[in-house]
2 protein chains.
Amino acid sequence: MELGKELVRRGIGLVYGGGSVGIMGVLSRAVQEGGGDVVGVIPEALTPIELSGPMVGTTIVVRTMHERKAKMASLADCFIALPGGYGTLEELMEMLTWSNLGFHSKPVGVLNVVNYYDPLLQMFDRMVTTGFLLQAQRDIIICESTPSGLIDQLLLRGGETARDGG
Amino acid sequence: MELGKELVRRGIGLVYGGGSVGIMGVLSRAVQEGGGDVVGVIPEALTPIELSGPMVGTTIVVRTMHERKAKMASLADCFIALPGGYGTLEELMEMLTWSNLGFHSKPVGVLNVVNYYDPLLQMFDRMVTTGFLLQAQRDIIICESTPSGLIDQLLLRGGETARDGG
Ligand SMILES: [Mg+2]
């Protein structure tokens with residue numbers, strides 16, 4: 001997986017939701033097998049191996065879904081959304097809302113594979129033109145179509161603080 | 001405010017985030033002044049009058065932003081998203097994700113004033129065509145351009161359970 005290789009190549013670690021299922025399972029194994037740091041944060045209810053598969057890297061067990069998100073947000077230096085469904089979009093929106101509320105000032109990246117997220121980006125632009133969002137809040141989002149392009153931009157934006165989190 | 005009048009006319013109560021600022025402040029006062037039930041759920045950190053204005057209707061004070069959302073979700077019989085920014089979209093996505101996870105089976109309505117949410121709806125359709133979302137999960141969302149049309153559809157979908165929450 002190309003994003004995994006890029007993270008390893010640049011010495012950037014991965015913080016994710018733990019376990020080994022789905023696209024994040026693939027990514028976490030790619031980073032670990034390449035020798036990169038992997039931290040999984042998982043609620044205790046999801047720790048059974050039947051639910052989440054074997055753990056990858058270092059696993060931190062928390063009590064709730066909410067605690068998981070807060071822990072991941074505090075460990076990471078920036079955030080990357082891959083293509084996904086409702087849950088992915090919810091997590092992306094949560095990081096953007098927390099940024100608006102001043103809970104963090106970390107850059108938020110969107111990996112726009114084959115323009116998947118174009119309609120969402122149009123939605124954000126519409127929020128600005130209709131006055132529901134400030135341009136500066138829209139500009140938090142860094143959008144690139146390739147992993148290397150996205151990481152380049154996140155590193156530029158986040159500066160040195162982005163060097164040890166993913 | 002037209003949505004407020006529709007809720008009052010049909011004897012449907014409003015559950016919202018409390019206080020009297022912003023568009024939800026306007027809506028809550030419209031419902032209360034029309035004689036409708038209003039319940040505000042607010043975290044203690046936001047209760048000072050300088051932050052949220054005077055409370056409207058019955059106010060329930062909770063500890064955290066997360067508890068607020070969980071309380072509102074359990075009190076309401078359906079959900080309505082008005083046009084808004086990151087925070088609104090985050091709340092909409094959270095209710096959709098919770099539905100996917102089986103935490104509730106309440107209908108989720110989008111008030112699509114002057115087609116504001118069209119790009120977001122296109123995003124949801126793209127999630128389905130790319131396999132990130134099941135059509136049945138997409139179909140949870142009821143989208144109408146007018147308050148009366150939206151409430152009609154929500155009542156149809158939610159049946160009797162939708163009669164005493166908003
Ligand atoms: Mg959320």
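As shown above, the structure is provided for reference.
Residues numbered from 1 in each chain as written. Chains lettered and ligands numbered in written order. Predicted model: local features only at pLDDT ≥ 70, side-chain atom pairs only at ≥ 80, totals over all residues. Heavy atoms only, no water.

A. Local environment of a nonpolar patch on the surface. Residues and elements named next belong to chain A. Residues Met1, Ile23 and Val26 make up a contiguous nonpolar surface patch of roughly 230 Å² in combined accessible area. Within the secondary structure, Met1 is located in the segment before helix H1 (2–9). Taking the relative accessible area as the measure of exposure, Met1 reaches 35% and is therefore partly exposed. (Patch = residues over 30% accessible without salt bridge, like charges linked within 9 Å, V, L, I, M, F, W, Y side chains within 5 Å. Areas by Shrake-Rupley, 256 points an atom, 1.4 Å probe, with all protein chains shown as cover. Salt bridge = Lys/Arg side-chain N within 4 Å of Asp/Glu carboxyl O. Helix = DSSP H or I, 4+ residues; strand = E, 2+ residues; numbered from the N terminus. Buried < 20%, exposed > 50% of the residue type's maximum accessible area, 1.4 Å probe, protein only.)

B. Just the sheet that holds strand E2 (residues 38–43) of chain B, in detail. All names here are of chain B. Strand order in the open sheet made by the three strands is E1-E2-E3, with parallel pairing throughout. With one partner strand each, in any of the chains shown, strand E1 (14–16) and strand E3 (58–62) form the two edges of the open sheet. Sheet twist, expressed as the mean angle between neighbouring strand axes with direction ignored, is 15°. Running at roughly 155° to E1, helix H2 (residues 22–33) makes contact with E1 and E2 of the sheet. Strands in contact with helix H4 (residues 65–75) are E1, E2 and E3; relative to E2, the strand with the most contacts, it is inclined by about 160°. (Pairing = 2+ DSSP bridges. Axes fitted to C-alpha atoms, helices over the stretch in contact; angles between N-to-C directions. Contact = heavy atoms within 4.5 Å.)

C. Up close: the interface of chain A and chain B. Counting from both sides, the interface comprises 32 residues of chain A and, opposite them, 32 residues of chain B. Roughly 2700 Å² of surface becomes buried between chain A and chain B when both sides are summed, with 74% attributable to carbon and sulfur atoms. Elements represented by at least two residues in the side of chain A that touches chain B include exactly helix H4 (65–75), helix H5 (86–100), helix H6 (118–129) and helix H7 (135–138) of chain A. Taken together, the residues of the side of chain A that touches chain B sort by class into 17 nonpolar, ten polar and five charged. (Buried area = accessible area lost by both parts, 1.4 Å probe. Nonpolar A, V, L, I, M, F, W, Y, C, P; charged D, E, K, R; others polar.)

D. Inspection of the packing of aromatic side chains at higher detail. Applying the stated criterion to the full structure yields eight aromatic pairs over all chains. Where Tyr116 of chain B meets Tyr117 of chain B, the ring centres are 4.8 Å apart and the plane angle is 75°; that geometry is what we call edge-to-face. In this structure Tyr116 of chain B comes out as buried when scored by relative accessible area, which is 4%. For Tyr117 of chain B, a relative accessible area of 0% corresponds to the buried category. By the ring-pair criterion, three or more aromatic residues cluster together here, those being Tyr116 and Tyr117 of chain A together with Phe132 of chain B. (Phe/Tyr/Trp six-rings, centres within 6.5 Å; stacked < 30°, edge-to-face > 60°.)

E. Focus on the relation of the copies chain A and chain B. When chain A is fitted onto chain B, the two copies agree to an RMSD of 0.0 Å after a turn of 180° and an axial shift of 0.0 Å. On this basis, the relationship between the two copies can be described by a two-fold rotation axis. The rotation axis passes nearest to the C-alpha of Pro119 of chain A in chain A, at a distance of 2.5 Å. Of the interface residues in chain A, 100% have counterparts in chain B that sit at the interface too, so the contact is made through matching surfaces. (Least-squares fit on C-alpha atoms with pLDDT ≥ 70 in both.)

F. Looking closely at the sheet that holds strand E4 (residues 79–81) of chain A. Residue and element names in this part refer to chain A. Read from one edge to the other, the open sheet built from three strands follows the order E4-E5-E6, with strand pairing classed as parallel. Either end of the sheet is taken by a strand with one partner, and the two such strands are E4 and strand E6 (141–144). If you compare each strand with its neighbour and ignore which way they point, the axes differ by 25° on average. Here three bridges tie E4 to strand E5 (residues 108–111), and the two strands are oriented parallel to one another. Residue pairing across strands places Ala81 opposite Val110, the latter belonging to E5.

G. Representation of the coordination of the magnesium ion in the model. Protein ligation of the magnesium ion involves Glu90 of chain A (OE), Glu94 of chain A (OE), Glu90 of chain B (OE) and Glu94 of chain B (OE), the donor distances falling in the range 1.8 Å. Linking Glu90 of chain A in helix H5 with Glu90 of chain B in helix H5 (residues 86–100), this pair reaches from one chain into another. Pair check on accessibility: Glu90 of chain A and Glu90 of chain B agree, each one buried. (Donors = N, O, S within 2.8 Å, 3.2 Å for Na, K, Ca; no water.)

H. Main features of the pattern of salt bridges. Residues and elements named next belong to chain B. A full pass over the atoms with the stated rule returns 14 salt bridges over all chains. Residue Glu90 pairs with Lys69 through a salt bridge whose shortest N-O separation is 2.7 Å. With Glu90 in helix H5 and Lys69 in helix H4, this pair connects stretches of sequence that are 21 residues apart. Residue Arg138 is joined to Asp125 by a salt bridge in which the shortest nitrogen-to-oxygen separation is 2.8 Å. Within this pair, whereas Arg138 is found in helix H7 (residues 135–138), its partner Asp125 is found in helix H6 (residues 118–129), the two being separated by 13 residues in sequence.

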